[in-house]
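Spelled out from the first residue to the last, the chains are:
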Amino acid sequence: MGVTGTSVIQAVEHDAGAGPGQPAVQIAHLRKTYGPLVAVDDVSFSVAAGEIFGILGPNGAGKTTTVECAIGLRQADAGSISLLGLDPRADRDRIHEVVGVQLQASAMPARLRVGEILDMYRSFYRDPADVGELIEALGLAGKRGSFYKSLSGGQRQRLSVALALIGRPKIAVLDEMTTGLDPAARRDAWELIAGIRDRGVTILLVTHFMEEAERLCDRVALIDGGRVVALDTPAGLAARASGGKTVRFLPSAPFDDRLLTDLPEVSRVDRPGRQVLVTGTGELVNAVILTLHAAGVTAREVQLDSSNLEDAFVRLTGKQLADTTEGARS
Amino acid sequence: MNSLTMPATRSSALPAGRRRAAFWQIVLNEARLTWRRPIGLIGGVAIPLLLLIIFGLLPAFKQVPASFGGQSIFDAYVPILAAFGLAMLGMLGLPLPLVSYRELGVLRRLSTTPVPPSWVLAAQAVVQAFIAVASVVVIFVVAMAAFGAPAPKSPAGLLLSVAVSMAGLFAIGLLIAAVAKTSTAANVIGRLAFFPLMFFAGLWLPRALMPALLLDISNYTPLGAAVQAMQSSMQTGFPPTAPLLVLAAYAIVFGFLARRFFAWE
């Protein structure tokens, strides 16, 4: 190559380092068809460096095809993709060094040991992570000498995440990484992803678990029918879907509705039975309770209903997400 | 499947030293897998060696029939059993792991690393070639040392014969890996091809006893040509060009077809 190892690394970092203003991932008008089937119709989004970006959608929405195009596994029919300023097809050699991938449905040979697989993948990268540290962080430290075939589903998933991270990537693409895990293992995986992000890795997370997107992602693209139907923070999407939040309470004394409807935070007041139901935005609870208190009324049994991402999804796509217990894929 | 356009044979961007280290890491793991699931070692080394020992112990095999050109029946079986080992390794040992890696998604996963998935194929070929050479050496050495087979007249000719035989059989194995969608299919195709080819190699009827038509057919089969080339190197000297060309043609044609049809996903 004619260059020393160090200078090559610096060159890669220079070329592939996302500047402060440059997004880590930028996808514009991506389109991919398989014969008559339009898997991805028109998908655009950009992911800032250090972000956990979720791609959420029902099975068959085009999530996996989108990331497969992004990592250069598939050639897009139209649109542009840039990862850290690199093209996944033209600059694929560089892309493979700076993007770590966890694919759906990729297994390892049954009779290789965990340590042997990790050592092999480690040898593929210029500046790999330490195997011991990595498997410690992933809770696989005791499994280094175990055959792949003896690992549980959760352990295999964690190994697959370890392999995605072993090259110290700048971007990690994780496709349905918690599918097939039990709830406890899933929570562990979420903590792990948050930890990876804290180390400065940008994460592109494909999921069909609402809770996962809600808990983990800085922003979420809702994909349905090969299109982005909404893109916002999880809270922003939820608010957009419901048009606000509602507070329910039992008043200690009668009061005039106008007391509340005059508040800027309140959009309407209903009285189903003895309860009062106030709909509005912003610091709704504080505004309602303080106003009532000033009028000598106490609000009892206060309940706050805020809609969640699931409501947003149903509202924006008109469908339920797939049953979230089984390992279905898109 | 064909929409997958990843370039399996691209060169890696890693520096040369790292590239070598990565390749040998893959070879090391392929060797471990071969050792841990020793189907290739059993079919490619143990079975032909066992047959050789049985034949060596049978008094009937010590006869030197007139039509054998001065060789004993046992001597005639030495290249046949060497071809047995090469065929097992080329047609089963090589393709089965590759097909199972494709099924498991191992090759697809590799294509997202700086290392191309074709390196697994190359590593597998290195491991199988190593076992193939070891198998041939063991068979010839045991035949000579324990059962009095004569030393080959042309060791260089024997070496060349083994090399082109390996090239031809490995190319056939790669085509099997290319067309078989599942490990089961690869296993069935490999075995179905193995037995008729072994027939033409002379396993049940040595070539010296074959009628003219059968011998003509045998000359154009990969194992018939392999036995012909190895036998000439043992008995008379440097092998004739015809069987070497036949084997080279198999290597080129089947290698081309394998390259054309091999899917990495």
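Rules behind the numbers
- Residues numbered from 1 in each chain as written.
- Chains lettered and ligands numbered in written order.
- Predicted model: local features only at pLDDT ≥ 70, side-chain atom pairs only at ≥ 80, totals over all residues.
- Helix = DSSP H or I, 4+ residues; strand = E, 2+ residues; numbered from the N terminus.
- Contact = placed C-beta atoms within 7 Å.
- Domains from an automatic or database assignment.
- Core = buried A, V, L, I, M, F, W, Y, C linked by C-beta atoms within 7 Å.
- Buried ≥ 20, exposed ≤ 12 C-beta atoms within 10 Å, placed from the backbone.
- Pairing = 2+ DSSP bridges.
- Arc of directions from axis to C-beta.
- pLDDT = per-residue confidence, 0-100.
- Axes fitted to C-alpha atoms, helices over the stretch in contact; angles between N-to-C directions.
- Left-handed = near helix turned anticlockwise from the far one by under 90°.
- Nonpolar A, V, L, I, M, F, W, Y, C, P; charged D, E, K, R; others polar.

### Looking at the overall build of chain A
For step 1, the next point in the chain: Secondary structure assignment for chain A yields 12 helices and 13 strands.
For step 2, the next point in the chain: For chain A, long-range pairs separated by at least 24 residues make up 70% of all intrachain contacts whose partners lie at least 6 apart in sequence.

### Description of the interface of chain B and chain A
For step 1, the next point in the chain: In this complex, chain B contributes 28 residues to the contact, which on the side of chain A involves 29 residues.
For step 2, the next point in the chain: Among the secondary structure elements, those contributing two or more residues to the side of chain B that touches chain A are α1 (16–36) and α5 (106–110) of chain B.

### Some details on the domain arrangement of chain A
How big an interface is tends to be reported as the loss of accessible area on association of its parts.
For step 1, the next point in the chain: Domain boundaries assigned for chain A yield domain 1 (13–234) and domain 2 (244–306).
For step 2, the next point in the chain: One C-alpha centre belongs to domain 1 of chain A, the other to domain 2 of chain A, and the line joining them spans 45 Å.

### Some details on the nonpolar core
For step 1, the next point in the chain: A162 and I171 of chain A are the most contacted members of the largest nonpolar core, which has 157 residues in total.
For step 2, the next point in the chain: It is helix α3 (residues 73–93) of chain B that contributes the most residues to this core, 15 residues altogether.
For step 3, the next point in the chain: The residues touching A162 of chain A, leaving out its near neighbours within four places in the chain, are L118, L134, I135, L138 and L140 of chain A.
For step 4, the next point in the chain: In terms of nonpolar packing, the next biggest core, distinct from the first, is built from nine residues, V247, V278, V288 and L292 of chain A among them.

### Quick look at the pairing of strand β11 (residues 266–270) of chain A
All names here are of chain A.
For step 1, the next point in the chain: Summarising the sheet, β11 and strand β12 (residues 276–280) pair through four bridges and their orientation is antiparallel. If you follow V266 over to β12, its bridge partner there is G280.
For step 2, the next point in the chain: Here β11 folds back onto β12, and the loop between the two strands holds five residues, one of which, G273, carries a positive phi near 65°.

### Quick word on helix α11 (residues 284–294) of chain A
Residue and element names in this part refer to chain A.
For step 1, the next point in the chain: Looking only at α11, the buried set comprises L284, V288 and L292. Along the long axis of α11, the arc covered by the buried residues comes to 45°, so they all point the same way. More than 90 degrees from the buried face of α11, the exposed residues found are N286, L290, H293 and A294.
For step 2, the next point in the chain: In this fold, the buried residues of α11 make contact with β10 (245–251), α10 (258–261), β12 and β13 (299–305).
For step 3, the next point in the chain: One or two steps after α11, the chain reaches G296, where phi turns positive at roughly 80°.

### Topic: the pairing of β12 of chain A
Within a regular beta strand, the side chains point alternately toward one face of the sheet and then the other, so they alternate between its two faces.
Residue and element names in this part refer to chain A.
For step 1, the next point in the chain: The alternating pattern of β12 places V276, V278 and G280 on a buried face, while none of L277 and T279, on the opposite face, is buried.
For step 2, the next point in the chain: Of the pairings in the sheet, the one linking β10 to β12 comprises five bridges and is antiparallel in character. Residue T246 lies in a different strand from β12, and its bridge partner there is T279.

### Quick word on the confidence of the model for chain B
For step 1, the next point in the chain: Across chain B, the average pLDDT comes to 92, with 95% of residues at 70 or higher.
For step 2, the next point in the chain: With a pTM of 0.80, the predicted complex shows an ipTM of 0.87.

### Some words on the packing of helix α8 (residues 183–201) of chain B against helix α10 (residues 222–235) of chain B
Residue and element names in this part refer to chain B.
For step 1, the next point in the chain: For the pair α8 and α10, interaxial distance at closest approach is 7 Å and the crossing angle is 35°. Relative to α10, the crossing made by α8 is right-handed. Counting all contacts with α8, which are made through L197, M198, F200 and A201, the residues of α10 involved are P222, L223, G224, A226 and V227.
For step 2, the next point in the chain: Of the residues contributing to the contact of α8 with α10, the split by class is eight nonpolar, one polar and no charged.

### Details of the sheet that holds β12 of chain A
All names here are of chain A.
For step 1, the next point in the chain: Sheet architecture is open: four strands sit in the order β11-β12-β10-β13, paired in antiparallel fashion. Each of the sheet's edge strands pairs with one partner strand only, and the pair in question is β11 and β13. On average, each strand axis in the sheet is tilted by 20° relative to the strand beside it, whichever way the strands run.
For step 2, the next point in the chain: The strands touched by α11 within the sheet are β10, β12 and β13, with β13 carrying the most contacts at an inclination of about 165°.

### A closer look at the packing of α10 of chain B against helix α11 (residues 241–261) of chain B
Residue and element names in this part refer to chain B.
For step 1, the next point in the chain: Following both chains from N to C, one finds α10 and α11 inclined at 140°, their axes separated by 8 Å at the closest point. Note that α10 runs across α11; the crossing there is left-handed. Seen from α10, the contacting residues are P222, A225, A226, Q228 and A229; seen from α11, they are P243, L244, V246, L247 and Y250.
For step 2, the next point in the chain: Here the residues of the contact of α10 with α11 sort into nine nonpolar, one polar and no charged.

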